[in-house]
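The lines below spell out each chain.
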Number of protein chains: 2
Amino acid sequence: METAEIKVQASTHAYSIVIGEGIRKQTKQYLTKDYSFVWIITDENVAPLYLSDVLEACSPLQVHHTVIPAGEQTKSTDYYYQLLTEAIEHNLDRSSLLIALGGGVIGDLAGFVAATYMRGIDYIQMPTTILAHDSSVGGKVAINHPLGKNLIGSFYAPQAVIYDVETLFTLNKKEIRSGYAELVKEALISDEAIFYSFLNTDFQALSKATVQEHIHIGIQIKAHVVETDEKEADMRKYLNLGHTLGHALEAQLGYGTLTHGEAVAIGLLFAIHVSESVYDNHLPFSELKQWLQNNNYPLELHSVDQQAILAKMKNDKKNKHQSIQMVLLEQIGKPIIKQITDEDMLYYLSSFERKLVGE
Amino acid sequence: METAEIKVQASTHAYSIVIGEGIRKQTKQYLTKDYSFVWIITDENVAPLYLSDVLEACSPLQVHHTVIPAGEQTKSTDYYYQLLTEAIEHNLDRSSLLIALGGGVIGDLAGFVAATYMRGIDYIQMPTTILAHDSSVGGKVAINHPLGKNLIGSFYAPQAVIYDVETLFTLNKKEIRSGYAELVKEALISDEAIFYSFLNTDFQALSKATVQEHIHIGIQIKAHVVETDEKEADMRKYLNLGHTLGHALEAQLGYGTLTHGEAVAIGLLFAIHVSESVYDNHLPFSELKQWLQNNNYPLELHSVDQQAILAKMKNDKKNKHQSIQMVLLEQIGKPIIKQITDEDMLYYLSSFERKLVGE
Ligand SMILES: NC(=O)c1ccc[n+]([C@@H]2O[C@H](COP(=O)([O-])OP(=O)(O)OC[C@H]3O[C@@H](n4cnc5c(N)ncnc54)[C@H](O)[C@@H]3O)[C@@H](O)[C@H]2O)c1
Ligand SMILES: NC(=O)c1ccc[n+]([C@@H]2O[C@H](COP(=O)([O-])OP(=O)(O)OC[C@H]3O[C@@H](n4cnc5c(N)ncnc54)[C@H](O)[C@@H]3O)[C@@H](O)[C@H]2O)c1
Ligand SMILES: [Zn+2]
Ligand SMILES: [Zn+2]
C-alpha cells in the first residue's frame, strides 16, 4: 500500500500526517526544518524494537535519545520535570526538534515537554500504537496529576506525524483491542458504512493494508473534528462518545486493570444503550457486542458499585458545573450531547448491566 | 485622567488592556464571560494592599483566593505544582477564571498555571508593578528551573489586562527603577521623542497621570511588536535590547542583588556603547547615564569577572547555536540584531567598564 498523507490545519500552523509501511526508516525526509539538534524520547518497550531504525534515519543530524519506563505512570510530573532537566543539560535550544516515538503515553508526555520547554520547541509524533492515532492528532498534550488523569497539559500541535504501520505488528492483543475501540468510536460518530466495515475486522488475521486503511479513516475523522473545533467547544466533545462510562471505569478499577480502549469499548455499548432508551431508536448494540466478544474484549462491569461509578462520572473534567454531560447517538453518524440526571444514570447503569450479561 | 483601552490581537483571540485609576474596584465589569468560579492568586505584599478591593469587586461571583510568598523564588516548579493541586482540590473547571493580581512573578506563574490547568483556562492579568506592563502583554508565561530563568513556560494570552495605576504608588523606589528601565528600553527601540520625554521623569515627583501615560505608551509599543511577531522570530527580539548584559549580570550576581530592570538599565547603556562602536554613530549615552544616576540606578559592573559574564551571555537561551546575538541601535527607533564574537565582546566589556566610571 502506498504511503498516505493527510494535511491538518491547526490554529498555529499546518502539518502533515504520513501513514505508511516502514516509513520510520525515512524519518529525515519528513523533517520540515533544518534542526540543530534532535532529541528522541521513547519507552523501554519501543526502544529495543524501533529506536535504532529511527536513529539511523536521522543521520547525520546530531541526535540524543532518552528511554523511559513504559506505562501510564510515566506520564507524571516527576518524569516531566526530569525530561525538562535533561533538555537543559543537553543545551537544547529553540531550534531543536523533539521526536516522540511510542504510544499515547510517550506522545502526551514528550508533547507536553515540547510545548513548555522554553515556551515551546518543535516536535514530531511517531506513534507506534493503534490508540496513538487518536492521541497524535489534535494537539492535546498532557501529563497526569495524582488527583486525576490529563489534568496538566496544553494544546500544542506537532510539526508532523510519521505513522509507520509496520510497528503496530509487535503490539500485544490487549493494545490492539485498546486502539480499535477508538477507531470504532470514530466510525460511530461519523458514518454507518465505515462502522460496519470496521466490524469486519478480525484481530487474528490483521493485514498491514487493513490497519493502514482503518487508521487513515480514523485520523481523517478525528482531524476533521479538531480542525472544525480545535478548542473542544462543541464538536470535539463528540469524540467523548463512550468515555463517560469508560473514564469512570478506568478510574474506579484503578488504571491498568482495563486499557483505556477496553474501558471505552464498554462505554460505547453503554452509550448505545442509553441512546436507545432516550431516543427510542434502533442502534447496533448486539452487532457491536458480538464483534467485541469475538475479539476478546472484556465485557463486564466487574460488579463495581453504581454509586461509585456515578461519583466518578461527576468528577470528569468535561462536566461543566458538575452535571453529567453524555454523548449519545440519535443514529450512527449523528452524535448529540445530553445532560443526564443522577437518577436516570443509575437506572441506565442497572439496565445496562442486565443487558450486558444477556438478561 | 480617563481610563484608556488598548486592543491586542493574539493568535488565539483578541483582548483589551485597560489602564486607569482605581479600576481594580471595577474588576467585574471587565470580565468577558459568565464564569462559574473566580480564583485570585496574589502575593503576600500585594494581598494586604489590594486583595480586599478586588474580592469586593468580584462580588457576587464565587471567589477563592490564594496568597503566596513574594519574590522570584516563588516562580518555581514547587509553587506551580502546589497551585495546580489547589485548583483540582477546589474543583476548578474549564469555565473558571484565574486572576493574577501582582507583579511579573505572579503574572508569569499564575499565567502558566492557567495555560496548563486542564489544557488551559481563562485568566486575567491585574499588574501591580510598572515592570509588569511588560510581562502582562505578549502572552509569555513561565516559571524558573533551578538551572535557568523562564525555561519552562508557554505562550498563552490573557482574556484581559486590568491595570490600575493607583496600585503603583505603594511600590518602593527599587521597583519603580526596575519598571522604568523597560519603559526606557521600549522608547529606545521605537522613537526619539518618546525617549526624551521619558527622560523628563523624576521619580521623586511622579504623578498618576504621568505613570499612566508612560505605561500606555510602553504597552502600545510592546503590543505592536508582539502582534506583528507573536512567536519571537525577529521583531520580538528587539525587546531584548539591554538584556544581553542585563541577564548575564542578574545571573552572575545572583538573582536579587539587582532587580531585573536595574540590570537591564546597565544593559541599555552597554547596548548603546556597543552600537556606537559598531556603527560609529552618536547615541545618547551620557544623557541616559545622567538620568539613571539622577534616579539612583546602581551603575557599576560590581567588578564581576568579564570571562564569567561572557560565559553567562552565551548561556542565554536566545543564543541560537551558542553564538551571542545582541540587539544594537543604528539610531534611536532603529534596532538591529548583530552577532558579536567573543573577542569583540570582551573588548566592549572593558571599554564599557572604563566609560562607566567616567574614564
Ligand atoms: N492526547 C490525546 O488526545 C489522547 C487521546 C487518547 C489517548 N491519549 C493518551 O494516550 C495514552 C494511551 O496510549 P497508548 O495506549 O498508546 O499507551 P502506551 O503509550 O502506554 O502504549 C501501550 C503499551 O504498548 C507498548 N508499545 C508501544 N508501541 C509498541 C509497539 N509498536 N510494539 C510493542 N509494544 C508497544 C508501550 O510500551 C506500552 O507498554 C493515555 O495516557 C491516554 O491518556 C491521549
Ligand atoms: N512574561 C514576560 O513577558 C515578562 C517580561 C518581563 C519580566 N517578566 C518577569 O517578571 C518578573 C519580575 O516582575 P516584577 O518586577 O513585577 O516582580 P515581582 O512580581 O516580584 O514584584 C516586585 C516586588 O514588588 C512587590 N509588589 C508588587 N506590586 C506591589 C505594589 N503595588 N505595591 C507594593 N509592592 C508591590 C512584590 O510583592 C515584589 O516583592 C520576573 O520574574 C520576570 O522574569 C516576564
Ligand atoms: Zn479515548
Ligand atoms: Zn526585561
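Residues numbered from 1 in each chain as written. Chains lettered and ligands numbered in written order. Predicted model: local features only at pLDDT ≥ 70, side-chain atom pairs only at ≥ 80, totals over all residues. Heavy atoms only, no water.

Observations concerning the sheet that holds strand β9 (residues 160-164) of chain A
Residue and element names in this part refer to chain A. This is how the line gets drawn: We call two strands paired when DSSP finds no fewer than two bridges between them. Each helix corresponds to a stretch of at least 4 residues labelled H or I by DSSP, and each strand to a stretch of at least 2 residues labelled E; elements are numbered beginning at the N terminus. Axis definition: a line fit to C-alpha positions, over the contact stretch in the case of helices; interaxial angles, taken between N-to-C directions, run 0 to 180 degrees. Should any heavy atoms of two residues lie within 4.5 Å, those residues are considered in contact.
Read across the sheet, seven strands follow the order β1-β2-β9-β6-β5-β3-β4 without closing on themselves; strand pairing throughout is mixed. The sheet terminates laterally at β1 (4-9) and β4 (63-68), the two strands that pair on one side only. Each strand of the sheet is rotated relative to its neighbour by a mean of 15°, with strand direction disregarded. In this sheet, β9 lies alongside strand β6 (residues 122-127) in parallel orientation, the contact comprising two bridges. When the bridges of β9 are listed, I124 appears paired with A160. On the sheet, helix α1 (residues 47-58) packs against β3 (37-43), β4, β5 (96-102) and β6 and is oriented at approximately 170° with respect to β3. The sheet contacts of helix α2 (residues 77-89) involve β3 and β4, and relative to β4 the element is tilted by about 160°.

Comments concerning the confidence of the model for chain A
Keep this limit in mind: Per-residue confidence from the prediction method is given by pLDDT, with values spanning 0 to 100.
Summary statistics for chain A give a mean pLDDT of 93 and a share of 96% for residues scoring 70 or more. On the interface metric, ipTM, the complex scores 0.91, and its pTM is 0.93.

As for helix α3 (residues 104-116) of chain B
Residue and element names in this part refer to chain B. To be explicit about the condition: To estimate how far a helix should extend, the number of its residues minus one is multiplied by 1.5 Å. Burial classes: relative accessible area under 20% of the type maximum marks a residue as buried, over 50% as exposed, and values in between as partly exposed (1.4 Å probe, protein chains only).
Over its 13 residues, α3 extends 18 Å from the first C-alpha to the last, a length consistent with the 18 Å expected when each residue adds 1.5 Å. The element α3 is extensively covered by neighbouring structure, given that 13 of its 13 residues are classed as buried. M118 lies just past α3 and shows a positive phi near 50°.

Thoughts on the pattern of salt bridges
Close approach of charged atoms allows side chains of opposite charge to pair. Our working definition: Any Lys or Arg side-chain nitrogen located within 4 Å of an Asp or Glu carboxyl oxygen qualifies as a salt bridge.
Taken as a whole and judged by the stated rule, the model has 30 salt bridges over all chains. A salt bridge links B:E72 to B:K75; the nearest nitrogen and oxygen atoms lie 3.8 Å apart. In this structure, a network of salt bridges that share partners links the residues A:R24, A:D53, A:D164 and A:E166.

Considering the pairing of strand β8 (residues 148-155) of chain A
All names here are of chain A. Across the eight residues of β8, seven count as buried, placing the element largely inside the fold. Looking at chain direction, strand β7 (residues 140-145) and β8 are connected through five bridges and run antiparallel. If you follow H145 over to β8, its bridge partner there is G148. Linking two consecutive strands that pair antiparallel, namely β7 and β8, is a turn of two residues.

Focus: the interface of chain B and chain A
Our working definition: Any pair of nitrogen or oxygen atoms within 3.5 Å is treated as a polar contact; in protein, a donor-acceptor pairing is required on top of that, and neighbouring residues in sequence qualify only through side-chain atoms on both sides.
Facing the 39 residues of chain B at the interface are 39 residues of chain A. For the pair chain B and chain A, the number of links is zero salt bridges. Summed over the shared surface of chain B and chain A, the result is eight residue pairs in polar contact (both at pLDDT 80 or more). When residues of the side of chain B that touches chain A are traced back to their parent elements, those giving at least two are α2 (77-89), α3, β7 (140-145) and β8 (148-155) of chain B. When residues of the side of chain B that touches chain A are assigned to their parent elements, the largest contribution, seven residues, is made by α2(B).

Focus on the coordination of the zinc ion (ligand 3)
All names here are of chain A. What counts here: With water omitted from the atoms examined, metal sites may look incomplete; donors here are N, O and S atoms no farther than 2.8 Å from the metal, or 3.2 Å in the case of Na, K and Ca.
Protein ligation of the zinc ion (ligand 3) involves E182 (OE), H243 (NE2) and H260 (NE2), the donor distances falling in the range 1.9 to 2.1 Å. Counting along the primary sequence, the residues that act as donors to the zinc ion (ligand 3) give the motif E-x60-H-x16-H. Of this pair, H243 sits in helix α8 (residues 243-253) while H260 is found in helix α9 (residues 260-279), placing the two residues 17 residues apart along the sequence. By relative accessible area, which is 17% here, H260 ends up buried.

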